[in-house]
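Each chain is listed here by its residues.
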There are 2 protein chains.
Amino acid sequence: MPRQVDHDERRRLIGEAVLRVAAERGLEAASMREVATEAGVSVGLVQHYFASKDALVLFATGLLRERFERRVASAAAPSTQFDGIRAVLLAFLPLDGAGRLEALSGMAVFIRALNDPGLAGRYRYGRERIVAAVTERLDTAVAAGEAREDLDTELEAHALLAVVGGLVPDLLFGHLSSERALRIVDHRLGALSAGPDVSMAAR
Amino acid sequence: MPRQVDHDERRRLIGEAVLRVAAERGLEAASMREVATEAGVSVGLVQHYFASKDALVLFATGLLRERFERRVASAAAPSTQFDGIRAVLLAFLPLDGAGRLEALSGMAVFIRALNDPGLAGRYRYGRERIVAAVTERLDTAVAAGEAREDLDTELEAHALLAVVGGLVPDLLFGHLSSERALRIVDHRLGALSAGPDVSMAAR
């Protein structure tokens, strides 16, 4: 009986190689040949599964989204809306090796998307979904009395996502410790929560 | 009498060409040849002024810093510490064509710095100077009763700079309007200012 080939696993192996090359040298460098070398397979095999570099990039960005969603899901089950928001925000930060790979390859996707309308559209769609998810959690928190009732929740969602996005470069360079970055995130969340003393909650 | 050659102006012309190439296609693409073409000069002239690509990149990053400082200085003379901080924060945002060029070429420098310790050191130095400047302004604002006295000013400086850094991608893609981005910055600054009603000041 011939050995069963797991095509999904092979695709995934190649897609992960794209992410590693992109993280190290950008997506410009992720040619079929380089990706094949990184994945330890033949160029022919890469071409068998992916008709073009665009197809390869598209698949790799899907993997990146999966990894992000897995990271959010792997956080402890949130007991409050703020815990849930915190899990989303922290999933953006390069706090370990896997997070670093994701942040760097995500940056490479962003750079390519600047000149690729199709990829830009996907990027935008993903971004809108995340803003909507954080806004919804904030709305629920306001309704439940967890968050301050005067919040412009959509604006706050954008601002929270901007903070974590802006912390990424300093974390990648090691200019900012993980501990300090987490403190900034918690500080921002604390300032949004309802409490008898807002200025204390913000500490 | 031979025509006087303005060497500084020629260097600057070449350096500006580096920034344009970097903004469009990244610093990988900024070879001596590409830069010469972009600047409309010969490769020999570029090589006459810059011994290596590293020298070229270093000079271009200096230009970028100059442009940033000019942008901060060109804001209306700040009447309060918060106005001064706002001018620094806004100088990071791609709110016009020049700002877009600076944000994109700054991103290209950042990408290169990830694999270039010398450039990373300069990047870090610049970052530390800006964090220190914003922290100092916040400290002065606290002392003057302009800002809330319970602020961890260095943490807030990092958080403010993270917000503007994180707004850049959404502005570049046009996912976020300039108006909305400015509202987020003002909202953040409002939340730090001393006032009879913090929640109102934050609106």
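These lines cover the structure that appears in this document, whether it is placed above or below. (Residues numbered from 1 in each chain as written. Chains lettered and ligands numbered in written order. Predicted model: local features only at pLDDT ≥ 70, side-chain atom pairs only at ≥ 80, totals over all residues. Heavy atoms only, no water.)

## Digging into the nonpolar core
Applied cut-off: Think of a nonpolar core as a cluster: buried Ala, Val, Leu, Ile, Met, Phe, Trp, Tyr and Cys residues, connected wherever their side-chain atoms sit within 4.5 Å. Burial classes: relative accessible area under 20% of the type maximum marks a residue as buried, over 50% as exposed, and values in between as partly exposed (1.4 Å probe, protein chains only). Contact between two residues is taken to exist if any of their heavy atoms lie within 4.5 Å; hydrogens are not considered.
Val134(A), Leu167(A), Val134(B) and Leu167(B) are the most contacted members of the largest nonpolar core, which totals 133 residues. In contact with Leu167(B), other than residues within four places in its own chain, are Ala162(A), Leu93(B), Leu176(B), Ala181(B), Ile184(B) and Val185(B).

## Some details on helix H2 (residues 32-39) of chain B
All names here are of chain B. Where we set the bar: In this text, helices come from DSSP runs of H or I with a minimum length of four residues, and strands from runs of E with a minimum of two, each type numbered from the N-terminal end. The arc in question is the one traced by the directions running from the helix axis out to the C-beta atoms.
Within H2 the residues assigned to the buried category are Met-32, Val-35, Ala-36 and Ala-39. Projection of H2 onto a plane perpendicular to its axis shows the buried side chains occupying an angular sector of 100 degrees, all on one side. Of the exposed residues in H2, those oriented more than 90 degrees away from the buried face are Arg-33 and Thr-37. At the C-terminal side of H2, Gly-40 shows a positive phi close to 75 degrees.

## What to know about the relation of the copies chain A and chain B
One chain copy maps onto the other through a rotation about an axis and a shift parallel to that axis. Note the threshold: A residue counts toward the fit only if its pLDDT is at least 70 in both copies, and the copies are then superposed by least squares on the C-alpha atoms of those residues.
For the pair chain A and chain B, the superposition axis carries a translation of 0.0 Å, the fit reaches an RMSD of 0.0 Å, and the rotation angle comes to 180 degrees. Overall, the copies show the geometry of a two-fold rotation axis. Both copies present the same face, since 100% of the interface residues in chain A are matched by interface residues at the equivalent positions in chain B.

## Quick word on the interface of chain A and chain B
Worth spelling out the cut-off: Each of two parts loses accessible area, computed with a 1.4 Å probe, when they are put together; buried area is these two losses added. A pair is scored as a salt bridge if a Lys or Arg side-chain nitrogen falls within 4 Å of a carboxyl oxygen belonging to Asp or Glu. Pairs of N or O atoms are called polar contacts if they sit within 3.5 Å, as long as, within protein, a hydrogen donor faces a hydrogen acceptor (for residues adjacent in sequence, only side-chain-to-side-chain pairs).
At the junction of the two partners, chain A supplies 40 residues and chain B supplies 40 residues. Taken together, the two surfaces of chain A and chain B that pack against each other cover about 3,700 Å², and 62% of this comes from carbon and sulfur. Of all residues in chain A, the largest losses of buried area upon contact with chain B belong to Leu155(A), Phe173(A) and His175(A), amounting jointly to 17% of the total for that side. If you look at where chain A meets chain B, you find 8 salt bridges. The partner of Arg183(B) in a salt bridge is Asp152(A), with the nearest N and O atoms 3.4 Å apart. Taken together, the connections running from chain A to chain B amount to 10 residue pairs in polar contact (both at pLDDT 80 or more). Broken down by element, the side of chain A that touches chain B gets its largest block of residues, 14 residues, from helix H8 (residues 153-173) of chain A.

## Some thoughts on the layout of surface pockets
Under the convention used in this document: A 1.4 Å probe that fits into a set of points on a 1 Å grid over the protein atoms alone but cannot get out defines a cavity; an open set with protein on both sides within 12 Å along at least five of seven lines defines a pocket, and lining residues are those with an atom within 4 Å of a point. Grid points are joined across faces, edges and corners, and a volume is the space filled by probe spheres set on the points.
Its volume calculated, the second largest pocket comes out at about 930 Å³. Along the wall of the second largest pocket there are 33 residues; nearest its centre are Arg25(A), Gly26(A), Ile111(A), Glu28(B) and Ile111(B). Put simply, the parts of the chain that give the lining of the second largest pocket at least two residues each are helix H1 (7-25) and helix H6 (97-113) of chain A together with helix H1 (7-25) and helix H6 (97-113) of chain B. Counting residues per element, the lining of the second largest pocket draws most heavily on H6(A), which supplies 7 residues.

## Things to note about the packing of aromatic side chains
The test is simple: Note on aromatic pairs: the rings of Phe, Tyr and Trp (six-membered ring only in Trp) are paired at centre separations within 6.5 Å, and the planes decide the class, stacked below 30 degrees, edge-to-face beyond 60, tilted for the rest.
Scanning the entire structure with this criterion turns up 10 aromatic pairs over all chains. On the basis of an interplanar angle of 80 degrees and a centroid distance of 5.0 Å, the ring pair of Phe173(A) and Phe110(B) is categorised as edge-to-face. A residue pair is termed interchain when its members come from two chains, as with Phe173(A) in helix H8 and Phe110(B) in helix H6. Across the pair, Phe110(B) and Phe173(A) agree in class, each one buried. Within the aromatic cluster, the residues linked to one another by ring pairs are Phe110(A), Tyr123(A) and Phe173(B).

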